[in-house]
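Here are the chains, one letter per residue:
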Amino acid sequence: MNNKQVYLKPNVVLEPLVDNWYAWSHLISPATAAMNIVGRHHTIIESYLSAPSIHAEAVLNPKMRGGPFMDFGGGRIEEVKALEQKSHQQQEKIIQFAKAIKDLDKLLANEAKGFGLEDLYNKVPEILKGYVELYYDRHNNPGFRFFESLLYKSEFYNKSSQSIAMWITNNDERPFCLSTPRLEEAEVLNLEITFENPVIDELAKMKRTPQTLGYVKAMLGIPASKEALFESFFTETPPPPYQKYTGDKIRMRYFGHACILVETKDISILVDPLISYYGYHSSVEHFSDVDLPDTIDYVMITHNHQDHILFETLLPLRHKIKNLIVPRTSSGKLEDPNLKLMFENIGFENIIAMDEMETVRFSDAEITGLPFIGEHSDLNILTKMCYLVKIGEFKLLFLADSRIVESKLYDHIHREIGNVDVMFLGMECDGAPLTWLYGPLLTKKLARDMDSSRRLAGSDCDKGMALVDIFKPKESYVYAMGQEPWCEFISSIKYTDESNPIVQSDKLVKICRSRGMEAERLYGEKELLYDKQINAVET
Ligand SMILES: [Fe+2]
């Protein structure tokens, strides 16, 4: 048995967890992790334990979708209590760290009144000393920045709380993953390994290259009691072979949400990876892991939101990624962690932190980082980037969720890059309020009306059309709508025909078509072929 050559099944999920919660980037960068563990996880746990039935009801209410409610039907109380206890023990330092951040905020609010800050360094909470620099902005508002690279080397980067839950999925139905921790399940194997551990690469390679069961069991130290479960994750059936693109054109494949693969016979570029599984019946046709090349030249990340950086997709792809492009920031701001550092600390290599209007050239392609405006609740967040991909003479523009609050910005960009051939624009124009994502990072309560005026909203029809008028694309595609069934567990989105993002994007598509342009809201999958020397050819 142990000598049999086996493949990892295509529907095995390697679900990364931090402290038993679904891992996302803010649970890796140490300061945001501390604030989220205390301000999100512990708060949800306490709330659940004090009123489990309220959570059970809220989860069933579509209006509360994506809210801070635990999906255990009001049960599993003892296990949730045990999780709370474990977290309080294992994250003791992190809890102190989060408290120190709040204390520092308070100190600055009360004592930094425009006079020199040097004397305040003595009063900085002990555990933060040496990890922060204090400053004023030009309006005398005090603030501080972290020396983030040093935080990763400190006791405040607790990578021992990382683990991988390994299980088989047989459909796309999954509860919203950011409000419910993962408890023990008979069919889920918990691997106590950190995200940087190369065994993840070895496991992921087994989707295409078989290994013996004995090899992989030894590598992971699987105990005898879990061997049967572990073996159920593997199969002797080889996956369908990957068909490399060998034509002369540019092939664009939409994988769902904001994930797009651009290939020629020589190069491959993948934007915002979110790859669905296969090996079970799905109501929506889609590309999946089997359609990805063996190596990917460049993976690009547009911004630091959970639905654009999925470790669940990225960690198993890590061994294929030659270069990873992320938007640059090293501001040290709590709300804007450094993505390059974050990825380095979970085992990625060759990361390019790109600046606005910076270009990377390779083969006959160019990738240029462009300013991304809006969709970040008016916080000073720099970790966001649109990308222009130029192959030969053909130009594809990826705008992700940017909300074009000032179209003149794009007039300036247009002066530099000219018209484009294809434009991809996210139109999730209603977006959640600031606190939904950034709430745990705030130490002062934000008034409700202020909160709801500062949303994580993408472009509406007017803003989208402003871009169409500027860049004059021959084809415009609305994407990143979080609509595919395999995205709901992270996007918490379920639209109806009356939902504003659907109404707005329908309108944009209609206007573009009335002008004789190609336009569509992408859903599920889409493949297009383009000539490198302009003029699109649809398959
Ligand atoms: Fe976003």
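All of the points below concern the structure found in this document. Since we're looking at a predicted model, the values are computed, not measured.

1. Details of the layout of surface pockets
Item 1. Estimates place the volume of the second largest pocket at around 1,000 Å³.
Item 2. If you trace the second largest pocket, you find 26 residues lining it, with D105, P142, G143, E335 and T443 closest to the centre.
Item 3. For the lining of the second largest pocket, the secondary structure elements donating two or more residues are α4 (92–111), β5 (142–146) and α12 (434–438).
Item 4. Here the lining of the second largest pocket takes six residues from α4, the largest share from any one element.
Item 5. The residue makeup of the lining of the second largest pocket, split by class, is 13 nonpolar, four polar and nine charged.

2. Looking at the packing of helix α1 (residues 30–50) against helix α3 (residues 77–90)
Item 1. For the pair α1 and α3, interaxial distance at closest approach is 10 Å and the crossing angle is 150°. The orientation of α1 relative to α3 falls into the category roughly antiparallel. The interaxial crossing formed by α1 with α3 has left-handed handedness. Counted together, I37, H42, I45, E46, Y48 and L49 of α1 and I77, V80, K81, L83, E84, S87 and H88 of α3 form the full contact between these two elements.

3. Describing the coordination of the iron ion
Item 1. The protein atoms that coordinate the iron ion are H303 (NE2), H305 (ND1), E375 (OE), E375 (OE) and D401 (OD), at distances spanning 2.2 to 2.5 Å.
Item 2. If you list the donors of the iron ion from N- to C-terminus, the spacing comes out as H-x1-H-x69-E-x25-D.
Item 3. According to the relative accessible area criterion, H303 is buried, its value standing at 0%.

4. Section: unusual backbone geometry
Item 1. The backbone of N20 sits at a positive phi, close to 75°, despite the residue not being glycine.
Item 2. Following the sequence through the fold, N20 ends up in the loop between β2 (12–18) and β3 (21–22).
Item 3. Residue N20 is classed as buried on the basis of its relative accessible area, which comes to 18%.
Item 4. Non-glycine residue N140 carries a positive phi angle of around 70°.
Item 5. Looking at where N140 falls in the secondary structure, it is placed in the loop between β4 (132–136) and β5.

5. Side note on the packing of aromatic side chains
Centre distance and the angle of the planes are the two values used to describe a pair of aromatic rings.
Item 1. Scanning the entire structure with this criterion turns up 19 aromatic pairs.
Item 2. Summarising the aromatic geometry, the rings of Y298 and F362 are spaced 4.3 Å apart at their centres and angled 35° between planes, so their arrangement reads as tilted. One end of the pair, Y298, is in strand β13 (residues 296–300); the other, F362, is in strand β16 (residues 359–362), with 64 residues separating them in the sequence.
Item 3. Its relative accessible area of 9% is what places Y298 among the buried residues.
Item 4. A relative accessible area of 13% means that F362 is categorised as buried.
Item 5. An aromatic cluster is defined as three or more aromatic residues linked by ring pairs; in this entry it consists of F97, Y131, F144, F146 and F156.
Item 6. The ring of F489 has R174 lying over it, and the distance from NZ or CZ to the ring centre is 3.9 Å.
Item 7. The ring of F348 has R318 lying over it, and the distance from NZ or CZ to the ring centre is 5.8 Å.

6. Quick word on the state of the cysteines
Item 1. Per the counting criterion, the structure on display carries zero disulfides.
Item 2. As a non-bridged cysteine, C386 has C429 as the owner of its nearest cysteine sulfur, 17 Å distant.
Item 3. For C386, a relative accessible area of 0% translates into the label buried.
Item 4. Unpaired in this structure, C487 has its nearest cysteine sulfur neighbour in C259, at a distance of 9.1 Å.
Item 5. The exposure class assigned to C487 is buried, which follows from its relative accessible area of 1%.

7. Considerations on the nonpolar core
Item 1. Judged by nonpolar contacts, the single largest core of 99 residues is most densely connected at F146, M166, F234, F311, F343 and I346.
Item 2. Of the residues forming this core, the biggest block, eight residues, is contributed by α4.
Item 3. Core analysis: the second largest hydrophobic core is formed by 63 residues, M252, I267, I493 and V509 among them.

8. Details of α3
Item 1. For α3, built from 14 residues, the straight-helix expectation of 20 Å at 1.5 Å per residue is met to within 8% by its first-to-last C-alpha distance of 20 Å.
Item 2. For α3, the set of buried residues is V80, L83, E84 and S87. One side of α3 carries all its buried residues, which in axial view fall inside an arc of 100°. Exposed and facing more than 90 degrees away from the buried side of α3 are E78, Q85 and Q89.

Cut-offs applied
Residues numbered from 1 in each chain as written. Predicted model: local features only at pLDDT ≥ 70, side-chain atom pairs only at ≥ 80, totals over all residues. Heavy atoms only, no water. 1 Å grid on protein atoms, 1.4 Å probe; cavity = no way out; pocket = protein on both sides within 12 Å on 5 of 7 lines; lining within 4 Å. Points joined across faces, edges and corners; volume = space filled by probe spheres on them. Helix = DSSP H or I, 4+ residues; strand = E, 2+ residues; numbered from the N terminus. Nonpolar A, V, L, I, M, F, W, Y, C, P; charged D, E, K, R; others polar. Axes fitted to C-alpha atoms, helices over the stretch in contact; angles between N-to-C directions. Parallel < 35°, antiparallel > 145°, perpendicular 65-115°, else oblique. Left-handed = near helix turned anticlockwise from the far one by under 90°. Contact = heavy atoms within 4.5 Å. Donors = N, O, S within 2.8 Å, 3.2 Å for Na, K, Ca; no water. Buried < 20%, exposed > 50% of the residue type's maximum accessible area, 1.4 Å probe, protein only. Phe/Tyr/Trp six-rings, centres within 6.5 Å; stacked < 30°, edge-to-face > 60°. Lys NZ or Arg CZ within 6 Å of the ring centre and 35° of its normal. Disulfide = S-S within 2.5 Å. Core = buried A, V, L, I, M, F, W, Y, C linked by side-chain atoms within 4.5 Å. Expected span 1.5 Å × (residues − 1). Arc of directions from axis to C-beta.

Function cannot be inferred from these measures alone, as they are strictly geometric.
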